[in-house]
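Fold and contact review
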Amino acid sequence: MSETIENQVAAAGGPRQPGGVGRNLIVRTAFDAFMRRREATILLVAIGLIIYFQSARSEFLSHDNLVNLSQSTAPFAIVAVGQVLLLVSGEIDLSAGATFTLAPFMVHYLIDFYGVFPIPAIVLSVLVGCLIGFGNGFVTVVLKVPSFVTTLGMLFLVGGIVLTTSHAFPAQIPEAAQGTIQRWFGLAEWSEIIWCLLIVAFFHVVLTRTRWGLHTIAVGGNLLGAREAGIKTTRIKIGNFMITGGLAAFAGILEAFRTQTIDPSLSGADFASVMFTAVAAAVIGGTALAGGSGTVIGALLGAFVLAELRNGFNLIGISANPFNIILGLAILGSMILNVYLANLRRAGRT
Amino acid sequence: MTGGPNVTEPPEVLRVEHIAKRFGAVEALSDVSLYLKKGEVLGLIGDNGAGKSTLIKIICGFHQPDAGKIIVNGEEVTLKSVDHARSLGIDTVYQDLALVNELTVYHNMFLNREVVRWPLLNNRAMRKRARQYLDDMGVRIQSVEAEVAKLSGGQRQAIAVARSVYSDAKILLLDEPLAAMGAKEGALILDLVRDLKDRGEVSIIIIAHNYAQVLEVCDRVNLLQHGGITYDKRRAETSVAELTDLVVAEYRAHRTKGG
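This report concerns the structure included in the present document. Source: prediction; values computed, not measured.

1. With respect to the side chain of threonine 295 of chain A
Residues and elements named next belong to chain A. The topology assignment puts threonine 295 in the loop between helix H13 (271-284) and helix H14 (296-316). Residue threonine 295 is classed as buried on the basis of its relative accessible area of 5%. Separated by 3.1 Å, the side chains of threonine 295 and glutamate 39 make a polar contact. Excluding residues within four positions of it along the chain, threonine 295 makes contact with Arg38, Glu39, Val84, Leu207, Gly285 and Thr287.

2. Concerning the packing of aromatic side chains
Residue and element names in this part refer to chain A. As enumerated under the stated definition, the model contains 13 aromatic pairs over all chains in all. Taking the centre distance of 5.0 Å and the plane angle of 75 degrees together, the rings of tryptophan 195 and phenylalanine 250 count as edge-to-face. With tryptophan 195 in helix H9 (residues 191-209) and phenylalanine 250 in helix H12 (residues 233-259), this pair connects stretches of sequence that are 55 residues apart. What makes tryptophan 195 partly exposed here is its relative accessible area of 25%.

3. Observations regarding the interface of chain B and chain A
Of the residues lining the interface, 27 residues belong to chain B; the matching set on chain A comes to 24 residues. Around 2200 Å² of area is buried between chain B and chain A when both sides are counted, 58% of it from carbon and sulfur atoms. Seen at the junction of chain B and chain A, the total is 3 salt bridges. Note that glutamate 228 of chain A and lysine 57 of chain B form a salt bridge whose closest N and O atoms lie 3.0 Å from each other. Linking chain B with chain A are 11 residue pairs in polar contact (both at pLDDT 80 or more), by the criterion used here. Residue assignment for the side of chain B that touches chain A shows that the elements contributing at least two residues are helix H2 (82-87) and strand E8 (120-121) of chain B. The greatest single-element share of the side of chain B that touches chain A, amounting to 3 residues, is contributed by H2 of chain B.

4. Focus on the pattern of salt bridges
For side chains of opposite charge, pairing can occur when their charged atoms come near one another. Applying the stated criterion across every chain yields a total of 19 salt bridges over all chains. Residues arginine 258 of chain A and glutamate 192 of chain A are paired through a salt bridge, measuring 3.0 Å at the closest nitrogen-oxygen approach. On the criterion of sequence distance, the pair formed by arginine 258 of chain A in helix H12 and glutamate 192 of chain A in helix H9 is long-range, its members being 66 residues apart. Given a relative accessible area of 1%, glutamate 192 of chain A falls into the buried group. A salt bridge links glutamate 12 of chain B to arginine 15 of chain B; the shortest N-O distance between them is 2.9 Å. Comparing glutamate 12 of chain B with arginine 15 of chain B shows no difference in burial state: the two are buried. Via salt bridges that share partners, Glu192, Glu255 and Arg258 of chain A belong to a single interconnected network.

5. Thoughts on helix H6 (residues 183-199) of chain B
Residues and elements named next belong to chain B. In a regular helix each residue adds 1.5 Å, so 17 residues correspond to 24 Å; H6 covers 24 Å between its end C-alpha atoms and thus fits that length. Along H6, the residues that are buried comprise Gly186, Ile189, Leu190, Leu192, Val193, Leu196 and Lys197. Buried residues of H6 fall within an arc of 150 degrees about the axis and therefore sit on the same side. Exposed and oriented more than 90 degrees from the buried face of H6 are Ala183, Lys184, Asp198 and Arg199. At its buried positions, H6 is contacted by strand E3 (41-45), helix H4 (123-137), helix H5 (153-165), strand E9 (171-175), strand E10 (203-207) and helix H7 (211-217). In the segment just after H6, glycine 200 is the residue with positive phi, at about 75 degrees.

So, how was this worked out
Residues numbered from 1 in each chain as written. Chains lettered and ligands numbered in written order. Predicted model: local features only at pLDDT ≥ 70, side-chain atom pairs only at ≥ 80, totals over all residues. Heavy atoms only, no water. Helix = DSSP H or I, 4+ residues; strand = E, 2+ residues; numbered from the N terminus. Buried < 20%, exposed > 50% of the residue type's maximum accessible area, 1.4 Å probe, protein only. Polar contact = N/O pair within 3.5 Å; in protein donor to acceptor, adjacent residues only side chain to side chain. Contact = heavy atoms within 4.5 Å. Phe/Tyr/Trp six-rings, centres within 6.5 Å; stacked < 30°, edge-to-face > 60°. Buried area = accessible area lost by both parts, 1.4 Å probe. Salt bridge = Lys/Arg side-chain N within 4 Å of Asp/Glu carboxyl O. Expected span 1.5 Å × (residues − 1). Arc of directions from axis to C-beta.

Spelled out as structure tokens, the structure:
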């Protein structure tokens, strides 16, 4: 596939042949414009996988399986949106999975032990996520500890708080939150994906059309330059840590409400998996770890591709164990392809 | 000097007095005083590491001095940030240009002064204005939507200069604006400085290593040496040879002392 792309780009970038290429040229220009979008590669992969799995198992696109797919895309995509903002501004949050696990417990504690109403409890829990993000940001930006280390510490700290306060036992969804609220926040079939799409749409606009997004790119692309231009780089970075924490908390609440249990084991051996899946989704979707570039829609597509693989393998009857092999190869392959395509884009016309 | 009875002299827009700055054990500036009059172009020269960029970064609010006074338009100010200095009309073209490779030409030109139709960026207005500014300056760039990473050194410099010139700056600080430029592009920037001077609204401090180019545009030259200003002459009273001698003499003196 990459070879045809190269040919197309090379052909489109080369000198125009005189006459006789009118329609061809339009198609080629459209293709060119499409390929220049960062999300293009991952969209093609996603569509390719749909075609493959649907032809292998006709129930892949059935109603029930689409619900499955949406539910195993949404929580990771929501966490990935935060990671994209952070990665673009040149940082990373390894503690997002722990925050994801803590948040539904916060809801449980607030409602069952402190008698808080469900909606305020959800809002407060998301704010606790933001607070954890603030802690990450403060230690990283003000105390100048690399975010990789800061958030690694925070991962164990928050995970430990979850295990200690819950005594490592799962909890029930609080009775007051059951019913309408639980359906709105995760239990209803399409609830998670609707929240996810709203969040993706919102932050896509934030990243591409607002000052906050522009400054996020500037901070990640040229930190000193951004500071010289008078951008408040500390505020941008800490803000993005807080957004990531809040989104991780919200995704955790949705996921707990959907699965109808508040599970502390996510903070054990699996606590890294939510975060790593989210980072993988962001990276597969075209976000550079080096900062300065990334796309929220790409992260959604990345999360969707990972869900397709997990779900499709399951349907075909391949065990879950080789899934990680595929995931690893997918990350490596997409990174290599991204570097390669970025070079092509750069070499091509504007 | 300020008490002089000469009324035809243009007013001072900037005066710094006894500025000192150290970074840890390194004393970058020990006692710097200089002044800038309205519409004047002041050339600031000095060897590498003399502290020229540090001085510029103090005047534009990026660094805060350890001691000394900054007086803008007759009022003593404590510059808290780049934004603060900018609100007083002080703008800078940094040596490193402060451009973001990942952003387009027009986003770079409006970085941190974006045109906003709340809550969104007004990209169309920025594109249009960026195009117009560059055309006015005679800078040739294919598209303002190009990523800055794709441009040549001279084009990048031109964007950084255009950004400051069109920000309504009253005091413009140019830190080596000719460094990455070809002869043609360098001439373009010098023409621009001359244009600004003719209009008389903007006062400029320009740092450059090419003394011939500095003398082409400036009214006065200051030499920064040993953490202070050691030389202050009008253009007519000096020459490239003299300036070169001043800097080289210092180097020779050092060498004979050391060896």
